[in-house]
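# Chains, contacts and geometry: an overview
Residue-level listing of the chains:
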Amino acid sequence: MCGIVGYLGKNRDAYPILIKGLKRLEYRGYDSAGVALINEDGDLSVYKTKGKVADLEEFCTDKDITGHIGIAHTRWATHGEPSSVNAHPHYSQSKNLAIIHNGIIENYAEIKHNLMEKGIEFQSETDTEVLVQLIDYIQTKKNLSLLMAVQVALHQVIGAYAIALLDKRHPDTIIAARKQSPLVVGIGDGEFFLGSDASPIIEYTDKVVYLDDGNIAVMKLGEELKVVNILNEKLSPEVQTVDINLGQIEKGGYPHFMLKEIFEQPACLTNCMRGRINVEHDRVTLSALIDHRSKLLNAKRIIIVACGTSWHAGLIGKQMIETFCRIPVEVEYASEFRYRNPVVGESDVVIAISQSGETADTLAAVELAKSRGAFIYGICNAIGSSIPRATDTGTYIHVGPEIGVASTKAFTGQVTVLTMFALALADAKGTVSHDEYVKTVKELAQIPAMIKDLLKVNDQIADMARTFTYARNFLYLGRGFSYPVALEGALKLKEISYIHAEGYPAAEMKHGPIALIDSDMPVVAIATHNGMYEKVRSNIQEIKARQGRVIAIVTKGDTTISKIADAVIELPDTMDCLEPLVATIPLQLLAYHIAVCKGKDVDQPRNLAKSVTVE
Ligand code: G6P
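In what follows, the accompanying structure is described. These numbers come from a predicted model, not from an experiment.

With that settled, the discussion passes to the overall build of the protein chain. In terms of helices and strands, the protein chain carries 21 helices and 27 strands. The C-alpha atoms of the protein chain give 26 Å as radius of gyration, which agrees with the globular expectation for 615 residues (25 Å, within 12%). When its C-alpha atoms are laid out on the principal axes, the protein chain stretches across 80 × 55 × 45 Å. Across the 615 residues of the protein chain, 59% fall into the buried class. Of all intrachain contacts in the protein chain linking residues separated by at least 6 positions in sequence, the fraction that spans at least 24 positions is 71%. If you sum the accessible surface of the protein chain, you get close to 24000 Å²; carbon and sulfur atoms cover 48% of it. Across the protein chain, the mean location of the 63 positive side-chain charges is 3 Å away from that of the 75 negative side-chain charges.

Written out as structure tokens, the structure reads:
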């Protein structure tokens, strides 16, 4: 989820335009940043540093930042830890070329190996450097133009990319290409702009071309924008007029990062499963399970440690692992685990779940378990952060930077990884039947499409939210796999609307919370067609008998509960164990819209922080 900026003109300096553009794209990643410029003497310079764009600016204070052509990048690490060396742009070995890249080159290891055999030396651990070295190698070896070398190289590449390239021998040209990662070209008066979205561009021109997958753009001074495909066929891109203000576009057109992140979930979960779920062969493959097979297969017990939303994902993981793998699982608040001299040792596997990878309590729990000899598995989002570095192995959720403080897409990403983990481990242990395994893998692969469809419920929930803003307390009920979803729904509401909310296992209601129920206390009940349907339906009757107001989350086509509930939200029908991935979505939207109706600061709620690095 990196950010890409480019500029090519005659009169303006490139550097300030690039820096400003990077700042607008910083939401896409901010672990390192860099810029490549060609000055009037034809020197191609790359300046890059670990940290944010502000750090890059400081780094560049004593550098030659002149020139009317340049490319710049803000990184969200995937391959290779966040560091100055791994930051983009990357030179090719000859230093004739510099590249920036957003995406993942999946077959980079194979290409790298081949190039190394031919004597090419690599400076970084990134997949990106592999691409620029490949282009340079092809260009030199076959004496091709840069465009043709790019086309030949992209033929060999598997994966997703948005790239931009400078060639010092052609200081009037930028070449850019896209496949599955966004890229926008801005067309000015004798100048070109480039961005991962239009935010770095709209200040200078409202004429843009959104590149399509497979497009290669050649921006050359004094010429019109040329767009070709990999076969060098000329394309006629549509020049569009953008009519959006800066504030909107930085959030991709959404009023808040949280809403954007909720809507990103279909794409994020697809990314999360990419290369791991192979539907054709009905298989889940996690490299961590291949590399550490015997350790994981022989685990006597699994302990999950996490905080906040990640802890809720852990509760779902527990049910998933116990159901499929028949290994006992305990789920601990990391903050409690670290201070209570827990019984943990060499036969245990500890799974640490953390979006940021920096939560102090989770990191401390990891260190403690490690000191007792446990094997540590991390499930994190931020690449190269402290927790993945402290663990023995792990799986990144790959949902991209999450900016809204209330976690949304990271939660569904964590649940997706836990599901894949449970399935792959169960398959290896032989604790799941082949039919059940295949059925679940196939259904999991369908979840992004289901969520995409489910998100159409947004307007309905926005209307519904207005009716419930009066409430000072909310109760969320669920059973089985839906119980942690109830907890997560309640947490979302608390975090951003400041309404007190509690999640409860539905059957426990009669042991206390039922005393609270009256007409002022809305109850969100997850009452889908799983094994607990009848029982939750009875709970709803009990609430209605006490004048409670019920928002029921039901399976599509349910006609019974809609007759008794005050409001109904329909979910697609899916397997019981996968239901958390869909049932969470309307609860995120409900919390969001209630908070918006109440005029709260949705993205930065009071007193909270995205990454809690203190106890
Ligand atoms: C903070 C955030 C929560 C998050 C929790 C754990 O409280 O506001 O959204 O769930 O930390 O964070 P982690 O990065 O470890 O998942």
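From this point on, the discussion continues.
Now for unusual backbone geometry. Peptide bonds are trans in most cases, and residues, glycine excluded, mostly fall at negative phi. Of note, the bond from H88 into P89 is cis; its omega dihedral lies within 30 degrees of zero at 0°. Relative to the assigned elements, P89 resides in the loop between strand 4 (69–75) and strand 5 (90–91). A positive phi angle is found at Y498, which is not glycine, with a value near 65°. Checked against the element boundaries, Y498 lands in the loop between helix 18 (482–497) and strand 24 (500–505). On the basis of relative accessible area, Y498 is assigned to the partly exposed category, the value being 25%. Notably, Q547 is not glycine yet its phi reads approximately 65°, a positive angle. In this fold, Q547 is placed in the loop between helix 19 (533–545) and strand 26 (549–555).

Here we come to the pairing of strand 18 (residues 301–306). Where burial is concerned, most of strand 18 is hidden: six out of the six residues are buried. Across the two faces of strand 18 the burial is the same, with R301, I303 and V305 and I302, I304 and A306 all buried. As defined by bridge partners, strand 18 adjoins strand 20 (residues 348–354) across five bridges and the pair is classed as parallel. Bridge pairing in strand 20 places I303 opposite V350. Across five bridges, strand 18 lies against strand 19 (residues 329–333) in parallel orientation. Its bridge partner lying in strand 19, V305 is registered against E332. Each parallel crossover has a hand, and the one from strand 18 via helix 11 (residues 308–325) to strand 19 is right-handed.

Helix length check: helix 18 (16 residues) gives 22 Å between terminal C-alpha atoms against 22 Å at 1.5 Å per residue, within 8%. Extensive coverage of helix 18 is indicated by the burial of 14 of its 16 residues. Y498 occupies a position one or two residues after helix 18 and carries a positive phi of about 65°.

Here we take up the pairing of strand 20. In terms of residue burial, strand 20 counts as a mostly covered element, since seven of its seven residues are buried. Sheet topology note: the strand 20/strand 21 (residues 375–380) ladder contains six bridges and is parallel. Within strand 21, the residue paired with A352 across the bridge is G378. Between the parallel pair strand 20 and strand 21, the chain is carried across by helix 13 (residues 360–371), and the sense of this crossover is right-handed.

Looking now at the packing of helix 17 (residues 458–468) against helix 21 (residues 579–597). Two numbers describe how helix 17 lies on helix 21: the axes approach to 8 Å, and their chain directions differ by 50°. Classified by the interaxial angle, the pair formed by helix 17 and helix 21 is oblique. Helix-helix and strand crossings are classified by hand; for helix 17 and helix 21 the assignment is right-handed. Contact with helix 17, carried on its side by N458, I461, A462, M464, A465, R466 and F468, involves P586, L589, L590, H593, I594 and C597 of helix 21 and no other residues of that element.

Moving on: the sheet that holds strand 22 (residues 393–396). Pairing is parallel in the open sheet, where five strands are placed in the order 19-18-20-21-22. Since the sheet does not close on itself, it has two edges, and those belong to strand 19 and strand 22, each with one partner. Neighbour to neighbour, the strand axes of the sheet diverge by 20° on average, direction disregarded. Where helix 11 meets the sheet, it contacts strand 18, strand 19 and strand 20, and its direction lies at approximately 175° from that of strand 19.

You can see W311 is positioned in helix 11. W311 sits in the buried class, given a relative accessible area of 12%. Spatially, the C-alpha atom of W311 lies 21 Å from that of V602, the residues being 291 residues apart in sequence. Not counting residues within four places of it along the chain, the set of residues in contact with W311 comprises A306, V331, E332, Y333 and L487.

Take the pattern of salt bridges next. Per the counting criterion, the structure on display carries 25 salt bridges. For R178, the salt bridge goes to D213, with nearest N and O atoms at 2.8 Å. With R178 in strand 8 (residues 173–179) and D213 in the loop between strand 11 (207–210) and strand 12 (216–220), this residue pair connects regions lying 35 residues apart in the sequence. Taking relative accessible area as the criterion, D213 reaches 44% and is therefore assigned partly exposed. In this structure, the salt-bridge partner of R301 is D348, at a minimum N-O distance of 2.8 Å. With R301 in strand 18 and D348 in strand 20, this residue pair connects regions lying 47 residues apart in the sequence. Comparing R301 with D348 shows no difference in burial state: the two are buried. Residues joined in a network through salt bridges with shared partners are K20, R24 and E203.

So, about the nonpolar core. Core analysis: the biggest nonpolar cluster contains 98 residues, and I302, I321, I351, Y377, F421, F474 and Y476 have the highest contact counts within it. With twelve residues, helix 15 (residues 409–429) is the single largest residue contributor to this core. Here this core spans two domains, and each of domain 2 (249–432) and domain 3 (457–597) adds at least three residues to it. In this structure, I111, L115, F122 and L154 belong to the second largest nonpolar core, which totals 28 residues.

Taken together, D13, E40, D41, D43 and D64 make up a surface patch of like negative charges. Examined against the element boundaries, D43 turns out to sit in the loop between strand 2 (32–38) and strand 3 (44–50). Residue D43 is classed as partly exposed on the basis of its relative accessible area of 39%.

Cut-offs applied
- Per chain, the residues get numbers from 1 upward, laid out in the order the sequence is written.
- Totals for whole chains, interfaces and linings use every residue, but because this is a predicted model, local features are given only for residues with pLDDT of at least 70 and side-chain atom pairs only at 80 or more, for both listing and counting.
- Note that water and hydrogens are dropped before the side-chain values are worked out from all heavy atoms of the structure.
- Secondary structure elements are taken from DSSP: a helix is a run of H or I of four residues or more, a strand is a run of E of two residues or more, and numbering for both begins at the N terminus.
- Throughout, radius of gyration means the C-alpha value; the globule benchmark is 2.2 Å times the number of residues raised to the power 0.38.
- Relative accessibility decides the category of a residue: with a 1.4 Å probe and only protein chains considered, values under 20% of the type maximum give buried, values over 50% give exposed, and everything between is partly exposed.
- By definition in these notes, contact holds between two residues if any of their heavy atoms fall within 4.5 Å.
- Only the protein chains shown count as cover for residues, and the accessible areas themselves come from Shrake-Rupley with a 1.4 Å probe.
- Under the counting rule used here, the positive set is Lys and Arg, the negative set is Asp and Glu, and His together with the chain ends is not counted.
- Taken as the charge location is NZ of Lys, CZ of Arg, CG of Asp or CD of Glu.
- Two strands pair under a simple rule: DSSP has to find at least two bridges between them.
- We call a crossover right-handed when, viewed with the strands running away from us, the connection from the first strand over the helix to the second turns clockwise.
- Expected span of a helix, by definition, is 1.5 Å for each gap between consecutive residues, and there is one gap fewer than residues.
- Helix axes are fitted only over the stretch in contact, all axes being lines through C-alpha atoms; the angle between N-to-C directions runs from 0 to 180 degrees.
- Throughout this description, any angle smaller than 35 degrees is read as roughly parallel, any larger than 145 degrees as roughly antiparallel, any in the 65 to 115 degree range as roughly perpendicular, and the remainder as oblique.
- In this scheme the handedness of a crossing depends on how the near helix is turned from the far one: anticlockwise by less than a right angle means left-handed, clockwise means right-handed.
- Here a salt bridge means any side-chain nitrogen of Lys or Arg lying within 4 Å of a carboxyl oxygen belonging to Asp or Glu.
- By nonpolar core is meant a set of buried Ala, Val, Leu, Ile, Met, Phe, Trp, Tyr and Cys residues that side-chain atoms within 4.5 Å join together.
- An automatic or database domain assignment is the source of the domain bounds shown.
- A patch is a set of surface residues, each over 30% in relative accessible area and not in a salt bridge, joined within 9 Å for like charges and within 5 Å for the nonpolar side chains Val, Leu, Ile, Met, Phe, Trp and Tyr.

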